[in-house]
Amino acid sequence: MKFGTLKFSLLIGGSLMAMMSPGAASAAEGAAAAEAPAQPADEPTGNEIIVTATRQSQRLQDVAMTVNVATGEQLEKFKIFDVKDVQQLAPGLELTNSTGRNNTTTLRGIAFDPDQGTAPAVQVYYNEIPTDPQTVYTAIYDIQQIEVLRGPQGLLRGLSAPAGAITIATRRPDFDAPEGYAQISGTTRAGYNAQMGASLPFSDKLAIRVAALVDGNRLNHVRNITRNERSKSSTQSARVTLGWRPTDNFTGYLTYQYLEADNRQFQQVVGAGNNPYSQYFTIPVPGLGDLPAPLAGVFVPDTSVRSGPALTTDDYTSVQDGVFRNRNKSHIVNLNLEYDLGAATVSLVGAHQFSRLNIQRDLDVTNALPGYVQYSNVETPYKVDTAELRIASNNTEGLGWGVGAFYTRQVGTTVVSQDASQFWYAVNPNAQVNLPFAAIGVPFPGFTPFTLPNTLGIATRVNVPVNTQTWSFNANLRYRSGPLSIEGGVRYSIMKSVQTTQLTLTGAANSGPTEIIPANLQRNTNKPITGGVNISYAISPEMNVFAAYGHSFRAGSTGVAVPAGISADLIRTADEKSDSVEAGFKGTIFDRRLNYSLSAYYQKIDNFLSRFTGIYYNAPANQPTNGFFDFNYNGDATVKGVEAAFDGLVTDNWNIGWAAAYTKARFNNARVPCNDFAGTGVPNQTGTPKVTGTGNVSYCAATGRLAETPDFSLTANTEVRVPMGSVTPFVRALFTYRPGFASERAQYTYQSRELLNMFVGLRSNDGKWEFDVFARNLLDQRRITDRGLGEGFVNSLIAGTFNSGYRQINLTAPREFGATLKFNW
């Protein structure tokens, strides 16, 4: 699926990344910025790149902010069909989708999991409207330009973010002449992608553009041997944009997009497998009847049932009994109006989004319960309405100003229905067992145990109504005089949210709707002030230096469907605040044939919002069972790093480029939830699940990474062109390096990753067509990118543990060949 076929923007210029010109520095958004990628390999370095990072169209060289740019042509050219490919194009950017549903974004070592329920660490803007990545990343096609801003954001656009922002602009209609493109790709591993876009002007005042996408692939390339199915995705989308230009100083665009995506992604596991069920024996005891065997010490594996065979990483195999299916149907309407008054420009953007997400999955992904599906069904319909009104002065010298007002509101009710059944013993859930005396009290002579099903069937239904809204007002000033530029401003926001959670139990345990979230945690209001200031100075026409300060804010969140009765710190997280400083320089040498940039930054985060998955908890005394849950939690952290880029033309037909990032993002001895079964004070799943300490969960002192990513990463690329009459053959190569690192959370040392992609093709010199063949992961290197802390298991209420003998992992995609044909008109 096309998850995130977008964020690659970070360095993805023409030749796969080096293709962008170095940006200036600093950020009016309070953002500091990163290296600017290089110029496109197939475009002369003299070409100017126009960006809208500051909400004005400016040359990249003139913007007081480092901006990474990728044009739509470049995205189509480099066949970015999957979110996992995007991270190959930009050091310091990690985009993962381990389940086919939640796109996790990490930038500058700061991670964000959409399941947190908080504002994202990297905010995504779709045609200048903040939009959730789950929808935007799913279908990236017919794109005009993507810009990536690194560092805290909180001024010029509506919502604050601690790590950065990504702006995505779709192509607009051409008022002058019909034009368009069509592109089709196929791969040796059942991947396909067909997309098109075309403009039709009715007059010089009215025009329309239509675009469409059909995409499919095998996602993580995992085969489920229990169900005899493969992971696969299918995405269809269409977009229509109507352009209206009644006068030279007024333009309006109305866009409608429909998306339908269906992902079936199975979780890969490795391990020897196991006999998770035990044979159940009873021993007759005079006067007491048949005592359950575990009480008498007879408890042996049932060799007739296994979770599955022994599996290694190269098997790309899943064993779960049930499906993991994620469906998304979304409608987005976007309006963009702009009126130039001469001295100032008034802009209005607005959008309405209606999405319906459906998730079906088997909670027992390692098959600890062979033949039994622990089902979970989640329905999430939601609506988002957003609008922003801005007015900004048009002067480019002297004192300039801008003011704006922003509003967004999201409503919807998530409904979760899932199996919460419990089991007496580690025997087949369908078996009949003698109810143990331990469950009913001390045995006494003459009492005969009775037989019950081993499964204590319980079904849960959780309703989570969501109602959030944000008003914000911003003002900024800028002063530009010759080589000096100073810009800064503030944004005042009013954030309100109401969240409740109603739990209903049916089956062996029955209860009507019960409110889980305490009344004092249901309503939240925040009124933060965010913003920043930056200064840049052009030492010469070829070199700029800059410094920037930024302040961001993210409101805490209330957990969805949290276990009833747990402590408040596990239900509601505190607000996060972040301050960042950055300095650097960028420039060009040798008559603009070589571009370079270098920046360093430091960021302090109070109450960093993070998510800790699969944490074992003890239920309060008035609740029936313990279990595992994903908790949001806070911890102080610091981030510091250096980013650099260099690119240029060796000859007119040979370009090279590289970019590197070093980021050290760490918790500051933060107290966070963890699994500490052995009581060692560090994360582990050794022995029987239990909580260390007196709380509902174990806590560990964290000094490790904020994200499961290495500190250093590097990307290098080259393109060689050989003009021959009316055509130009070309060869491109992209190499990505990420070193190995030790993970505190996983208690595992990940191996280094060296990924090489190659492209060989031919294009016409008039730009009418292009054909190429490509190889992803040419060296067929297979590396674990994510690893579970321990083997999957399910507890029984009285005796024994269902242990699958498998551990969950995610692996880099295997080598894949493909071909692409594109036509332009």
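Up top is the structure.
Residues numbered from 1 in each chain as written. Predicted model: local features only at pLDDT ≥ 70, side-chain atom pairs only at ≥ 80, totals over all residues. Heavy atoms only, no water.

K.L.:
I'd love a proper account of the side chain of Arg611, names of residues and values included.
P.N.:
Structurally, Arg611 is set in strand S40 (residues 594-617). Of the polar contacts made by the side chain of Arg611, one reaches the side chain of Asn632; its length is 2.8 Å. Setting aside anything within four residues of it in sequence, one finds Arg611 in contact with Asp113, Asp115, Gln116, Asp630, Phe631, Asn632 and Arg745. (Helix = DSSP H or I, 4+ residues; strand = E, 2+ residues; numbered from the N terminus. Polar contact = N/O pair within 3.5 Å; in protein donor to acceptor, adjacent residues only side chain to side chain. Contact = heavy atoms within 4.5 Å.)

K.L.:
Which residues make up the nonpolar core, and what are the values?
P.N.:
Grouped together as the largest cluster of nonpolar side chains are 58 residues, with contacts concentrated most on Ile168 and Phe631. Among the elements that line this core, the one with the most residues is S40, at six residues. Leave out the neighbours within four places in its chain, and Phe631 touches Pro563, Ile566, Leu570, Ser610, Arg611, Phe612, Ile615, Tyr617 and Val697. Leu369, Tyr372, Ala426 and Val794 belong to the second largest nonpolar core, which has nine residues in total. (Core = buried A, V, L, I, M, F, W, Y, C linked by side-chain atoms within 4.5 Å. Buried < 20%, exposed > 50% of the residue type's maximum accessible area, 1.4 Å probe, protein only.)

K.L.:
Got a sec to walk through the environment of Val378? Specific residues and values, please.
P.N.:
When you line up the elements, Val378 lands in strand S26 (residues 375-393). Classification of Val378 by relative accessible area gives buried; the value is 12%. Residues Val378 and Arg361, 17 residues apart in the sequence, show an inter-C-alpha distance of 8.9 Å. Those residues within four positions of Val378 in sequence are excluded, and the remaining contacts are Leu357, Asn358, Ile359, Thr414, Val415 and Val416.

K.L.:
With reference to specific residues and values, describe the packing of aromatic side chains.
P.N.:
Within the structure shown, the criterion is met by 19 aromatic pairs. Both rings, one in Phe250 and one in Tyr339, keep their centres 6.0 Å apart while their planes meet at 70°; by these two values the pair is edge-to-face. Of this pair, Phe250 sits in strand S17 (residues 250-264) while Tyr339 sits in strand S24 (residues 324-340), and the two are 89 residues apart along the sequence. You can call Tyr339 partly exposed: its relative accessible area is 39%. An angle of 50° between the planes, with centres 5.8 Å apart, marks the rings of Tyr633 and Tyr699 as tilted. Of this pair, Tyr633 sits in strand S41 (residues 627-651) while Tyr699 sits in strand S44 (residues 698-702), and the two are 66 residues apart along the sequence. Accessibility classification places Tyr633 together with Tyr699 in one group, the buried group. Through pairs of rings, three or more aromatic residues link up here, namely Tyr616, Phe628, Phe677 and Phe793. For the cation-ring pair, Arg108 lies above Tyr601, with the distance from its terminal atom to the ring centre recorded as 3.8 Å. (Phe/Tyr/Trp six-rings, centres within 6.5 Å; stacked < 30°, edge-to-face > 60°. Lys NZ or Arg CZ within 6 Å of the ring centre and 35° of its normal.)

K.L.:
Any details on a nonpolar patch on the surface? Residues and values, ideally.
P.N.:
A contiguous nonpolar surface patch, about 930 Å² in accessible area, is contributed by Leu200, Phe202, Leu206, Leu242, Trp244, Leu254, Tyr256, Val333, Leu335, Leu348 and Leu389. Elements supplying a minimum of two residues to the nonpolar patch: strand S16 (232-247), S17 and S24. Position of Phe202 among the secondary structure elements: in the loop between strand S12 (192-201) and strand S13 (206-217). (Patch = residues over 30% accessible without salt bridge, like charges linked within 9 Å, V, L, I, M, F, W, Y side chains within 5 Å. Areas by Shrake-Rupley, 256 points an atom, 1.4 Å probe, with all protein chains shown as cover. Salt bridge = Lys/Arg side-chain N within 4 Å of Asp/Glu carboxyl O.)

K.L.:
Help me get a handle on unusual backbone geometry, residues and values and all.
P.N.:
A negative phi holds for most residues other than glycine; trans holds for most peptide bonds. Positive phi values are uncommon outside glycine, yet Arg108 reaches one of about 55°. Along the chain, Arg108 falls in the loop between strand S5 (104-107) and strand S6 (110-112). On the basis of relative accessible area, Arg108 is assigned to the buried category, the value being 1%. If you check the backbone angles, Asn127 has positive phi at about 50° while not being a glycine. Among the secondary structure elements, Asn127 is positioned in the loop between strand S7 (122-126) and strand S8 (129-130).

K.L.:
Just give me the short version of the sheet that holds strand S4 (residues 93-96), but keep the residues and values in it.
P.N.:
The strand order S4-S5-S6 describes an open sheet built from three strands, whose pairing is antiparallel. The open sheet has two edge strands with one neighbour each: S4 and S6. Shown here is a sheet whose adjacent strand axes are inclined to one another by a mean of 10°, direction ignored. Bridge count for S4 against S5 is four bridges, and the pairing is antiparallel. Pairing of Leu95 across the sheet is with Thr105, part of S5. (Pairing = 2+ DSSP bridges. Axes fitted to C-alpha atoms, helices over the stretch in contact; angles between N-to-C directions.)

K.L.:
I'd like a rundown of the sheet that holds strand S14 (residues 223-224), residues and numbers included.
P.N.:
Strand order across the open sheet formed by three strands is S15-S14-S23, with mixed pairing between neighbours. The sheet is open, and its two edges are formed by strand S15 (229-230) and strand S23 (317-318), each paired on a single side.

K.L.:
Account for the pairing of S12, naming residues and giving values.
P.N.:
For strand S11 (residues 179-187) and S12, the ladder comprises eight bridges, and the chain directions are antiparallel. Bridging across to S12, Gly186 finds its partner in Tyr192. Two successive antiparallel strands, S11 and S12, enclose a turn made up of four residues, where Ala190 displays a positive phi of approximately 65°. Pairing of S12 with S13, which is carried by ten bridges, proceeds in the antiparallel orientation. Note that in S13 the partner of Ala194 across the bridge is Val214. In this structure, the hairpin formed by S12 and S13 is closed by a connection of four residues.

K.L.:
Go over the state of the cysteines, please, and point to the residues and values.
P.N.:
As enumerated under the stated definition, the model contains one disulfide in all. In this model Cys674 forms its disulfide with Cys700; the gap between the sulfur atoms is 2.1 Å. Residues Cys674 and Cys700 share a disulfide whose torsion about the S-S bond is about 70°; that sign makes it right-handed. Separated by 26 residues along the polypeptide, Cys674 in strand S43 (residues 670-674) and Cys700 in strand S44 bring together distant segments of the chain. Residue classification places Cys700 among the buried residues on the basis of a relative accessible area of 5%. (Disulfide = S-S within 2.5 Å.)

K.L.:
I'd like to hear about the pairing of S41, residue by residue, with values.
P.N.:
The two faces of the sheet receive side chains in turn, since in a regular strand these alternate between them. For S40 and S41, the ladder comprises 20 bridges, and the chain directions are antiparallel. Bridge pairing links Ser610 to Tyr633 in S41. When S41 meets strand S42 (residues 654-667), the two strands line up antiparallel, connected through 14 bridges. Across the sheet, Gly648 pairs through a bridge with Ile656, a residue of S42. Hairpin connection, S41 to S42: the antiparallel pair is bridged by two residues.

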